[in-house]
Amino acid sequence: MAQVARVTDHGGGVWSIPVPIPDNPLGHTLVHLLDTDRGPVLIDTGWDDPTAWDTLTTGLAACGASVADVHGVLVTHHHPDHHGLSGQVREASGAWIALHAADAQVVRRTREAEPSRWLDYLEEKLGAAGAPEEHLAPLRATRAAGRTGLPGQRAALPDREIVPGELLELPGRRLRAIWTPGHTPGHVCLHLEEAHPAAGEGLPGHGRLFSGDHLLPEISPHIGLYEDPDDATVTDPLGDYLDSLERVAALAPAEVLPAHQYAFTDAPARVRALLRHHEERLTGLLALLTTPLTPWRLAEAMEWNRPWEQIPFGSRNIAVSEAEAHLRRLVKLGRAEAVPGSNPVMYQAI
């Protein structure tokens, strides 16, 4: 059953529709509708779920449109609460789907992955990070039982590429893609380079920014690893994220329209707060690393939104990924190093 769509009219041909995320504390994804001379374009679509679909279509009707009218879908990043319904929207409307090449590659790799190979890789990665046997055993049991379905295997392949720095082909609008990697390798923000509807009321700044999960008013987004099992490149997603924050602050948009929570102003102030948060977190991790720790033990010691004992199995994998992303940043900054000969590998402050 569809939720009542609490559609918000942001003015100037921009609306937001809160589309529910099942069993998730975030509650919903804010799907944005941007009116163009060729019909409505959606920025993200929401989770692939019948209630989410009903809520999206109800919300479109409240905006004076229907799913059949949708001209295109711009996906800020590949996560299922953003990209999940894109394929269904395309089937219902013939709309194109656009995604940054790096996230399109993640989608393609996930769709094509041989599940048992992926489970083997995950077990290997977690073992190298110091995961205990009781955490690895369920992965082996899943593989042995043949229950090898992977999240994201149904995600739609895009028709178009979002190219950073370019104006998107949206008749009657000026929307520019800003590459903001970190939360995912191909995350993009979309800068609407048009006068804000409240500009005449003295609102400072330049246009509006659809920020996806990159810049949220109260939440620091997850920074993790999205790696190809066949690619040995060592990435630095936290460094990428911090650089991306600086890029967004320089835009100084009048208003930020994120994919969760609510719209807000003063993006530079929010960026400064996030930069302080991550510097404080890195400093705190260095204090923990006065004793050598594996990524798993570091994740256990880090502060999360609940005690480690209450974090479910899958979320622990995500937490360890974030711990490793922070370790890579510290190593790159020359503030930590791997302990020679340790297996599983341990890290210590320098």
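Quick caveat, the model's predicted, so the values are computed rather than measured. (Residues numbered from 1 in each chain as written. Predicted model: local features only at pLDDT ≥ 70, side-chain atom pairs only at ≥ 80, totals over all residues. Heavy atoms only, no water.)

(A) Quick peek at the nonpolar core. Residues Leu215, Leu289 and Leu298 are the most contacted members of the largest nonpolar core, which totals 43 residues. Mapped by element, the contributors of at least two residues to this core are helix H5 (115-128), helix H6 (133-145), helix H7 (237-251), helix H8 (267-288), helix H9 (295-301) and helix H10 (313-332). A per-element tally of this core places H7 first, with 7 residues. If sequence neighbours within four positions are ignored, Leu289 has contacts with Leu298, Leu327, Leu330, Ala336, Tyr347, Gln348 and Ala349. (Core = buried A, V, L, I, M, F, W, Y, C linked by side-chain atoms within 4.5 Å. Buried < 20%, exposed > 50% of the residue type's maximum accessible area, 1.4 Å probe, protein only. Helix = DSSP H or I, 4+ residues; strand = E, 2+ residues; numbered from the N terminus. Contact = heavy atoms within 4.5 Å.)

(B) Just the pattern of salt bridges, in detail. Counting across every chain of the model gives 15 salt bridges. Here Lys125 and Glu324 are joined by a salt bridge, their closest N and O atoms 3.7 Å apart. Here Lys125, found in helix H5, pairs with Glu324, found in helix H10; they are 199 residues apart in sequence, far enough to count as distant. Given the relative accessible area of 27%, Lys125 is considered partly exposed. Assessed through its relative accessible area of 14%, Glu324 is described here as buried. One salt bridge in this structure joins Arg297 and Glu300, with 3.1 Å as the shortest N-O distance. Within this pair, Arg297 and its partner Glu300 are both found in helix H9, separated by 3 residues, close to a single helical turn. On the accessibility criterion, Arg297 (47% relative accessible area) is partly exposed. By relative accessible area, which is 32% here, Glu300 ends up partly exposed. Three or more residues are tied together by salt bridges with common partners; here these are Glu123, Glu133 and Arg140. (Salt bridge = Lys/Arg side-chain N within 4 Å of Asp/Glu carboxyl O.)

(C) Structural detail: the pairing of strand E3 (residues 28-34). Most of E3 sits inside the fold, with 6 of its 7 residues counted as buried. With 3 bridges joining them, E3 and strand E4 (residues 41-43) adopt antiparallel strand pairing. The residue bridging His32 from the neighbouring strand is Ile43, located in E4. Between E3 and E4, which pair antiparallel one after the other, the connecting turn spans 6 residues, and Gly39 there sits at a positive phi close to 120°. (Pairing = 2+ DSSP bridges.)

(D) Region of interest: empty space enclosed by the protein. Applying the stated criterion across every chain yields a total of 1 cavity of 30 Å³ or more. Roughly 40 Å³ of internal volume is contained in the largest cavity. In this structure, the largest cavity is lined by Leu30, His32, Ile43, Asp44, Thr76, Phe210, Ser211, Gly212, Leu257, Pro258 and Ala259. If you tally residues by element for the lining of the largest cavity, the top one is strand E10 (residues 208-212), at 3 residues. (1 Å grid on protein atoms, 1.4 Å probe; cavity = no way out; pocket = protein on both sides within 12 Å on 5 of 7 lines; lining within 4 Å. Points joined across faces, edges and corners; volume = space filled by probe spheres on them.)

(E) Summary view of the sheet that holds strand E1 (residues 8-9). Spatial ordering of the open sheet is given by E1-E2-E3-E4-E5-E6-E7, a layout of 7 strands whose pairing is mixed. Edge positions in the sheet fall to E1 and strand E7 (160-161), since each has one partner strand and no second. With 3 bridges joining them, strand E5 (residues 72-74) and strand E6 (residues 96-99) adopt parallel strand pairing. The residue of E6 that forms the bridge with Leu74 is Ala98. With respect to the sheet, helix H1 (residues 50-62) is in contact with strand E2 (14-20), E3 and E4, its orientation differing from that of E2 by roughly 160°. (Axes fitted to C-alpha atoms, helices over the stretch in contact; angles between N-to-C directions.)

(F) Structural view of unusual backbone geometry. With an omega of 0°, the peptide bond between Asn343 and Pro344 qualifies as cis. Tracing the backbone through its elements, the reader meets Pro344 in the loop between strand E12 (336-338) and strand E13 (347-349). At Ala252, a residue that is not glycine, the phi angle is positive and equals roughly 50°. Position of Ala252 among the secondary structure elements: in the loop between H7 and strand E11 (255-258). Here the phi dihedral of Gln261 falls at roughly 75°; this positive angle occurs in a residue that is not glycine. Here Gln261 lies in the loop between E11 and H8. Among the residues examined, Gln261 registers a relative accessible area of 25% and is labelled partly exposed.

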